[in-house]
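Each chain, written out:
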Amino acid sequence: MADRPIIRTMTREDMDVAITLAAAEGWNPGLTDGASFYAADPDGFFISELNGEPVGTISAVRYGSGFGFIGLYIVVPAMRGKGYGLDLWNHAMTYLEGRNVGLDAVIEQEQTYKKAGFTTFYRSARYEGVGGGTKPDGVTPLQQLDMAMVAEYDRQCFPAARDAFLQAWLSPSVVTAFGVVDRDRLTGFGVIRPCKSGYKIGPLFADSAGVAEMLYRALKASVPDEPVYLDVISPNKAALELVKRHGLHEIFATVRMYTGGAPDVALKKVYGITSFELG
């Protein structure tokens, strides 16, 4: 029998183990997150095993040439306190060596990540509401739009290009997504996907509070009477006003942290992040 766990790169099937662990932690993953996440960087997901049984998981997704994001960092409860998680962490950070690395940390672990070289830049929070209402005029199903235009808009709000991820994330067989176009220019888009419980909106990117309002109303109208979740960042005051206006309530918070400084992105356009796991 092995004395220490073996860390290896996940297969696509291993992603389902990671998603199951995330669900057990109460993170409420999307029903098809495994496939979409894996498309972002098939070499960036790691699993630790002891005698063939899972010990823990972590994702260390490479975006472009200079950015990376840590997520899905979970150790099976019975295996905690043995240093196995630290081994996973070191493996992941080695994979991202030389990059500016981001993560969303639960508040209780903020100081731990600071000791590991991360700096806090802002607070994020998950808000819960309920679906329903009427879809407003002026929104267009995203699959009817040029995906190159969508990817270009996404790049304003995310630190690096992530075309392979977006192609999987925006699959019309998996999600409902809308955009708003003004004079042939995309002014925002939003996505809602089914989760273990209810539906999550993310991303929700928009040029203005008015566009964000239209997209939010359209997305929640697609899931009447279902729980709806939106992850909002504190620098965007208009996003905080949106959740207040619609009566959403905060259910937990994280902090966004980076090793190499905050990337140059349009935070005022970020009304809802894509996911806490992949940024």
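Small disclaimer: the values here were computed from a predicted structure and weren't measured. (Residues numbered from 1 in each chain as written. Predicted model: local features only at pLDDT ≥ 70, side-chain atom pairs only at ≥ 80, totals over all residues. Heavy atoms only, no water.)

Draft legend 1. Seen up close, helix α2 (residues 33-40). Counting buried residues along α2, 6 of its 8 residues qualify, which places the element largely inside the surrounding structure. Along α2, the positions that sit buried rather than exposed are Asp 33, Gly 34, Ser 36, Phe 37, Tyr 38 and Ala 40. (Buried < 20%, exposed > 50% of the residue type's maximum accessible area, 1.4 Å probe, protein only. Helix = DSSP H or I, 4+ residues; strand = E, 2+ residues; numbered from the N terminus.)

Draft legend 2. Up close: the pattern of salt bridges. Per the counting criterion, the structure on display carries 15 salt bridges. Residue Arg 183 is joined to Asp 182 by a salt bridge in which the shortest nitrogen-to-oxygen separation is 3.4 Å. On the accessibility criterion, Arg 183 (75% relative accessible area) is exposed. Where Asp 207 meets Lys 269, a salt bridge forms, and the shortest distance between an N and an O atom there is 3.3 Å. (Salt bridge = Lys/Arg side-chain N within 4 Å of Asp/Glu carboxyl O.)

Draft legend 3. Up close: empty space enclosed by the protein. Under the defined criterion, the tally for this structure stands at 1 cavity of 30 Å³ or more. The calculated volume of the largest cavity comes to roughly 30 Å³. Lining the largest cavity are Arg 126, Arg 193, Lys 200, Ile 201, Asp 231, Ile 273, Thr 274, Ser 275, Phe 276 and Glu 277. (1 Å grid on protein atoms, 1.4 Å probe; cavity = no way out; pocket = protein on both sides within 12 Å on 5 of 7 lines; lining within 4 Å. Points joined across faces, edges and corners; volume = space filled by probe spheres on them.)

Draft legend 4. Seen up close, helix α8 (residues 237-245). For α8, the complete set of buried residues consists of Ala 239, Leu 242 and Val 243. Down the axis of α8, the buried side of the element spans an arc of 90 degrees, and every buried residue falls inside it. Turned more than 90 degrees away from the buried face of α8 sit Lys 237 and Lys 244, all of them exposed. With its phi angle positive at about 75 degrees, Gly 247 sits one or two positions after the end of α8. (Arc of directions from axis to C-beta.)

Draft legend 5. Local environment of the UniProt feature "domain: N-acetyltransferase" (unreviewed entry) in the chain. Per the UniProt record, the feature "domain: N-acetyltransferase" (unreviewed entry) sits at residues 5-152. End-to-end, the C-alpha atoms of residues 5-152 are 42 Å apart, and along that stretch the chain is 30% helix and 34% strand. (UniProt positions renumbered as here; feature names shortened; annotations may be inferred.)

Draft legend 6. A look at the layout of surface pockets. Size it by volume and the largest pocket reaches roughly 860 Å³. As for the largest pocket, its lining consists of 34 residues, of which Trp 27, Tyr 73, Val 106, Gln 109 and Tyr 113 are closest to the centre. Contributions of two or more residues to the lining of the largest pocket are made by β4 (67-75), α3 (84-95), β5 (100-106), α4 (110-115) and β12 (249-258). The element best represented in the lining of the largest pocket is β4, accounting for 6 residues. Looking at the lining of the largest pocket, its residues break down into 19 nonpolar, 8 polar and 7 charged. (Nonpolar A, V, L, I, M, F, W, Y, C, P; charged D, E, K, R; others polar.)

Draft legend 7. Representation of the packing of aromatic side chains in the model. Taken as a whole and judged by the stated rule, the model has 17 aromatic pairs. Centroid distance Phe 67 to Phe 69: 6.5 Å. Interplanar angle 55 degrees. Geometry classified as tilted. Each member of the pair, Phe 67 as well as Phe 69, carries the same accessibility label: buried. Counting every residue linked through ring pairs, the aromatic cluster contains Tyr 63, Phe 67, Phe 69, Phe 121, Phe 158 and Tyr 258. Lying across the ring of Tyr 95, Arg 62 places its NZ or CZ 3.8 Å from the centre. (Phe/Tyr/Trp six-rings, centres within 6.5 Å; stacked < 30°, edge-to-face > 60°. Lys NZ or Arg CZ within 6 Å of the ring centre and 35° of its normal.)

Draft legend 8. Structural view of the nonpolar core. In terms of nonpolar packing, the biggest core is built from 42 residues, with Phe 37, Phe 45, Tyr 63, Phe 189 and Leu 278 touching the most fellow members. Those elements giving two or more residues to this core turn out to be α1 (12-24), α2, β2 (45-50), β3 (53-63), β4, α5 (147-157), α6 (163-169) and β9 (185-194). Excluding residues within four positions of it along the chain, Phe 37 makes contact with Met 15, Ile 19, Phe 45, Leu 72, Phe 165, Trp 169, Ser 275, Glu 277 and Leu 278. (Core = buried A, V, L, I, M, F, W, Y, C linked by side-chain atoms within 4.5 Å. Contact = heavy atoms within 4.5 Å.)

Draft legend 9. The arrangement of unusual backbone geometry in detail. Residue Pro 203 follows Gly 202 across a cis peptide bond; omega there is 0 degrees. In the Ramachandran plot, Asn 28 falls in the positive-phi region, its phi being about 55 degrees despite a non-glycine side chain. Along the chain, Asn 28 turns up in the loop between α1 and α2. Even without a glycine there, the phi angle at Asp 225 is positive, about 65 degrees. By the element assignment, Asp 225 lies in the loop between α7 (209-221) and β11 (227-233).

Draft legend 10. Summary view of the side chain of Arg 193. Secondary-structure assignment places Arg 193 in strand β9. Assessed through its relative accessible area of 3%, Arg 193 is described here as buried. In this structure the side chain of Arg 193 is engaged in a polar contact, spanning 2.9 Å, whose partner is the side chain of Asp 33. Setting aside residues no more than four positions away along its own chain, Arg 193 makes contact with Gly 30, Asp 33, Trp 169, Val 175, Gly 198, Tyr 199, Lys 200 and Thr 274. (Polar contact = N/O pair within 3.5 Å; in protein donor to acceptor, adjacent residues only side chain to side chain.)

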